[in-house]
Amino acid sequence: MPLTLVVLALWALAFLTFNVVVSVRVWRIRHLPRWRRVLPGLLLCAGLTASLTRATGVTAVAESLAFSLFVATAAIGLFELRRQRTRASRPDDSAALT
């Protein structure tokens, strides 16, 4: 097996692990509506399903959708995590209103 394929497989495994971690961390944010908590996980599952269509011999679906869905999972998940981080770091202005 060429070294290039090993490096590519390791990169793909790292990216998949990153997507799973981001999806789980977004799922654990309790103040988000349920559909926004579930969205990264659903996109990840859709990407895995599209990727698994290669096993059936239908490579067009995997080539066109799988990587795009994985990137969308990472982008939406990181957006929600960054938004949560900025919300948590803001000072609480509720005391100023009373």
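Below, the structure is looked at part by part. Every value quoted in this text rests on a predicted model; they were computed, and no experiment measured them. Per-chain numbering applies: the sequence of each chain, read as written, is numbered from 1 onward. The model is predicted, so local features are restricted to residues of pLDDT at least 70 and side-chain atom pairs to those at 80 or more, both for listing and for counting; the totals for chains, interfaces and linings are taken over all residues. To get the side-chain values, all heavy atoms of the structure are used, and hydrogens and water are removed first.

**Observations regarding the pattern of salt bridges**
Defined as follows: Take a side-chain nitrogen of Lys or Arg and a carboxyl oxygen of Asp or Glu: if they are within 4 Å of each other, that pair is a salt bridge. Secondary structure elements are defined from DSSP: runs of H or I of at least 4 residues count as helices, runs of E of at least 2 residues count as strands, and each element is numbered from the N terminus. Per-residue accessibility, obtained with a 1.4 Å probe over protein chains only, is compared with the maximum for each type, and a residue is labelled buried under 20%, exposed over 50%, and partly exposed between these values.
Overall, the coordinates contain 1 salt bridge when judged by the stated rule. Note that Glu80 and Arg36 form a salt bridge whose closest N and O atoms lie 2.9 Å from each other. A residue pair is termed long-range when its members are at least 10 positions apart, and Glu80 in helix H3 (residues 59-89) and Arg36 in helix H2 (residues 34-52) qualify at 44 residues. Pair check on accessibility: Glu80 and Arg36 agree, each one buried.

**Re the side chain of Thr73**
Short version of the rule: Any N or O atom pair separated by 3.5 Å or less is treated as a polar contact, with the protein-specific requirement of one donor-capable and one acceptor-capable atom, and with residues adjacent in sequence counted only for side-chain atom pairs. The contact criterion used is simple: two residues touch if any of their non-hydrogen atoms lie within 4.5 Å.
Within the fold, Thr73 resides in helix H3. Of the polar contacts made by the side chain of Thr73, one reaches the backbone nitrogen of Leu44; its length is 3.2 Å. At 2.9 Å, the side chain of Thr73 forms a polar contact with the backbone oxygen of Leu69. Look past the residues within four positions of Thr73 in its chain and what remains in contact with it is Asn19, Val22, Ser23, Pro40, Leu43 and Leu44.

**A short note on the environment of Met1**
Position of Met1 among the secondary structure elements: in the segment before helix H1 (3-27). The class of Met1 is exposed, set by a relative accessible area of 82%. Here the alpha-carbon distance between Met1 and Pro91, two residues 90 residues apart in the chain, equals 55 Å.

**Quick notes on H2**
The periodicity of an α-helix, 3.6 residues per turn, causes residues three or four positions apart to be oriented the same way. The line we're drawing: Multiplying one less than the number of residues by 1.5 Å gives the expected span of a helix. Note that bend, as reported per residue, equals the angle between axes fitted to the 7 residues terminating at that residue and the 7 residues originating from it.
Helix length check: H2, at 19 residues, gives a terminal C-alpha distance of 27 Å against a target of 27 Å (1.5 Å per residue), a fit within 8%. The principal kink in H2, of about 30 degrees, is found at Pro40. If you check which residues of H2 are buried, you get Arg36, Arg37, Pro40, Leu43, Leu44, Gly47 and Ala50. If you follow the buried residues of H2, they end up packed against H1 and H3.

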